[in-house]
Amino acid sequence: MDLLALSDFVIVARHGGFGRAARATGRPKATLSRRVAELEGSLSLRLFERGARMLRLTEEGRALHERAGALLTELDETAAAIASGGRRPRGRLRISAPLLFSQTAMGKLAASFALRYPEVRLEITTEDRAVDMVEEGYDLVIRVNPDPDASLVGRVFLRDGLVVVANPDVERPTAGTMTPVVVRGSPDQARLWSMTTPAGTSKIDVDPVLCLSSLIMVRDAVRMGVGAARLPLSLVSHDLAAGQLVRWGTVEGPETLLWALYPSRRLLSARVSAFLDYLKEAFPNGTAEELAAYVAD
């Protein structure tokens with residue numbers, strides 16, 4: 001197989017068209033088109049469906065792109081490592097991270113990592129959706145309780161849990177009364193909250209009086225005494241210690257896990273390895289208290 005033709009195919013697939021690939025790389029559009037046609041001929045496969053205004057990968061083309069893109073990246077990174085005399089982290093590192101973790105910790109993490117590894121160009125985007133790492137060109141993603149994905153590997157680096165908290169002036173719930181609460185997102189949620197207390201399991205009837213779009217907004221509203229809320233322990237542990245909030249109980253259910261995920265590759269790039277090691281250094285035990293202390297420091 002012609003590796004140059006394979007490389008041109010990956011470039012076209014990554015940019016979504018011959019014209020965009022040509023503009024991004026400075027290569028002639030006709031050359032890219034010819035190379036891809038030669039690759040299709042050698043494989044006896046159609047890799048793209050060509051329309052008047054669009055170019056779409058076939059099923060075979062998508063499978064080849066996923067495998068070939070990873071392999072060519074490994075070859076480039078191996079060559080760069082040899083040329084530089086070792087596995088020194090360098091080059092672009094693209095990361096996708098969830099909103100709350102980005103707002104509380106990612107700025108400090110990114111700055112500290114950049115100071116330690118000045119040859120790495122770190123790019124971080126914030127979104128809670130499950131991005132396609134291959135199609136969107138990410139090297140690493142951080143996700144909360146992700147669904148299983150056979151194409152990705154990774155590790156848990158933080159564990160957190162939800163607690164029910166309120167301002168000390170808010171009356172604790174009693175049987176037969178509605179408790180005002182602040183929720184993230186839509187009010188169309190369960191109107192009965194279950195929590196674990198020292199006395200056992202307790203259920204409270206809740207009335208969502210305020211609906212906000214971020215957990216930080218929810219915490220700030222709860223501090224003002226609007227109502228109770230279910231919030232990550234890492235986000236409120238300092239408020240609990242300072243007496244600004246009180247803990248009514250622990251939300252029942254599985255703990256919240258933060259994963260660092262990356263494509264399943266035989267050779268892991270030096271910059272991804274360095275960032276994974278940096279996460280481990282920042283949160284050696286992976287507890288909610290460590291995250292809270294890191295944010296407050």
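Whatever comes next refers back to the structure up there.
One structure accompanies this document, and this report is about it. (Residues numbered from 1 in each chain as written. Predicted model: local features only at pLDDT ≥ 70, side-chain atom pairs only at ≥ 80, totals over all residues. Heavy atoms only, no water.)

Moving on, we get to the environment of isoleucine 142. Topologically, isoleucine 142 is positioned in strand E5 (residues 140-144). For isoleucine 142, a relative accessible area of 0% corresponds to the buried category. Each C-alpha atom, one on isoleucine 142 and one on leucine 258, is 6.7 Å from the other, the two residues being 116 residues apart in sequence. (Helix = DSSP H or I, 4+ residues; strand = E, 2+ residues; numbered from the N terminus. Buried < 20%, exposed > 50% of the residue type's maximum accessible area, 1.4 Å probe, protein only.)

The subject of this paragraph is the sheet that holds E5. Read from one edge to the other, the open sheet built from 5 strands follows the order E4-E3-E5-E13-E6, with strand pairing classed as mixed. With partners counted over all chains shown, the strands left at the sheet margins are strand E4 (120-126) and strand E6 (152-160), one partner each. Adjacent strand axes in the sheet meet at a mean angle of 20°, parallel and antiparallel pairs treated alike. When E5 meets strand E13 (residues 256-263), the two strands line up antiparallel, connected through 4 bridges. Counted as the bridge partner of valine 144 is leucine 258 from E13. (Pairing = 2+ DSSP bridges. Axes fitted to C-alpha atoms, helices over the stretch in contact; angles between N-to-C directions.)

Okay, the packing of helix H5 (residues 99-116) against helix H10 (residues 288-296) next. Packed helices, taken two at a time, are described by the angle their axes make and the gap between the axes. Across the interface, H5 lies against H10 with an axial gap of 10 Å and an inter-helix angle of 65°. With respect to their mutual orientation, H5 and H10 come out roughly perpendicular. In this structure, the crossing between H5 and H10 has a hand that is left-handed. Contact residues: Phe101, Thr104, Ala105, Lys108, Leu109 and Ser112 in H5; Leu291, Tyr294 and Val295 in H10. Across the contact of H5 with H10, the residue classes break down as 6 nonpolar, 2 polar and 1 charged. (Parallel < 35°, antiparallel > 145°, perpendicular 65-115°, else oblique. Left-handed = near helix turned anticlockwise from the far one by under 90°. Contact = heavy atoms within 4.5 Å. Nonpolar A, V, L, I, M, F, W, Y, C, P; charged D, E, K, R; others polar.)

Looking now at the environment of tyrosine 138. Position of tyrosine 138 among the secondary structure elements: in the loop between helix H6 (133-136) and E5. Of the residues examined, tyrosine 138 reaches a relative accessible area of 6% and is grouped as buried. Taking the C-alpha atoms as reference, tyrosine 138 lies 7.1 Å from serine 96; in sequence the two are 42 residues apart. Polar contacts involving the side chain of tyrosine 138 include one to the side chain of threonine 125, which spans 2.7 Å. A polar side-chain atom of tyrosine 138 sits 3.1 Å from a polar atom in the side chain of glutamate 127. (Polar contact = N/O pair within 3.5 Å; in protein donor to acceptor, adjacent residues only side chain to side chain.)

A surface patch of nonpolar side chains, about 290 Å² in accessible area, is lined by Val209, Met224 and Val226. Assignment of secondary structure puts valine 226 in the loop between helix H7 (215-223) and strand E11 (229-232). With relative accessibility at 35%, the residue valine 226 sits in the partly exposed group. (Patch = residues over 30% accessible without salt bridge, like charges linked within 9 Å, V, L, I, M, F, W, Y side chains within 5 Å. Areas by Shrake-Rupley, 256 points an atom, 1.4 Å probe, with all protein chains shown as cover. Salt bridge = Lys/Arg side-chain N within 4 Å of Asp/Glu carboxyl O.)

So, about the side chain of asparagine 167. Mapped onto the elements, asparagine 167 comes out in the loop between strand E7 (162-166) and strand E8 (178-184). Judged by relative accessible area, asparagine 167 falls into the buried class, the value being 11%. Polar side-chain contacts of asparagine 167 include one of 2.8 Å to the backbone nitrogen of aspartate 169. Only 2.7 Å separates the side chain of asparagine 167 from the backbone oxygen of arginine 223, close enough to count as a polar contact. In contact with asparagine 167, other than residues within four places in its own chain, are Val222, Arg223, Met224, Gly225, Gln244, Leu245 and Val246.

Moving on, we come to the layout of surface pockets. Taken as a whole, the second largest pocket spans an internal volume of roughly 970 Å³. The element best represented in the lining of the second largest pocket is helix H8 (residues 233-242), accounting for 6 residues. Tallied by class, residues from the lining of the second largest pocket come to 25 nonpolar, 12 polar and 11 charged. (1 Å grid on protein atoms, 1.4 Å probe; cavity = no way out; pocket = protein on both sides within 12 Å on 5 of 7 lines; lining within 4 Å. Points joined across faces, edges and corners; volume = space filled by probe spheres on them.)

Strand order in the open sheet formed by 6 strands is E8-E10-E9-E12-E7-E11, with mixed pairing between adjacent strands. Of all strands in the sheet, those bounded by a partner on one side alone are E8 and E11. The average angle at which neighbouring strand axes cross in this sheet is 55°, direction not considered. With 7 bridges joining them, E8 and strand E10 (residues 200-212) adopt parallel strand pairing. Each bridged residue has a counterpart across the sheet, and for valine 182 the counterpart in E10 is leucine 210. H8 contacts E7, E11 and strand E12 (246-251) of the sheet and is inclined by roughly 105° relative to E11.

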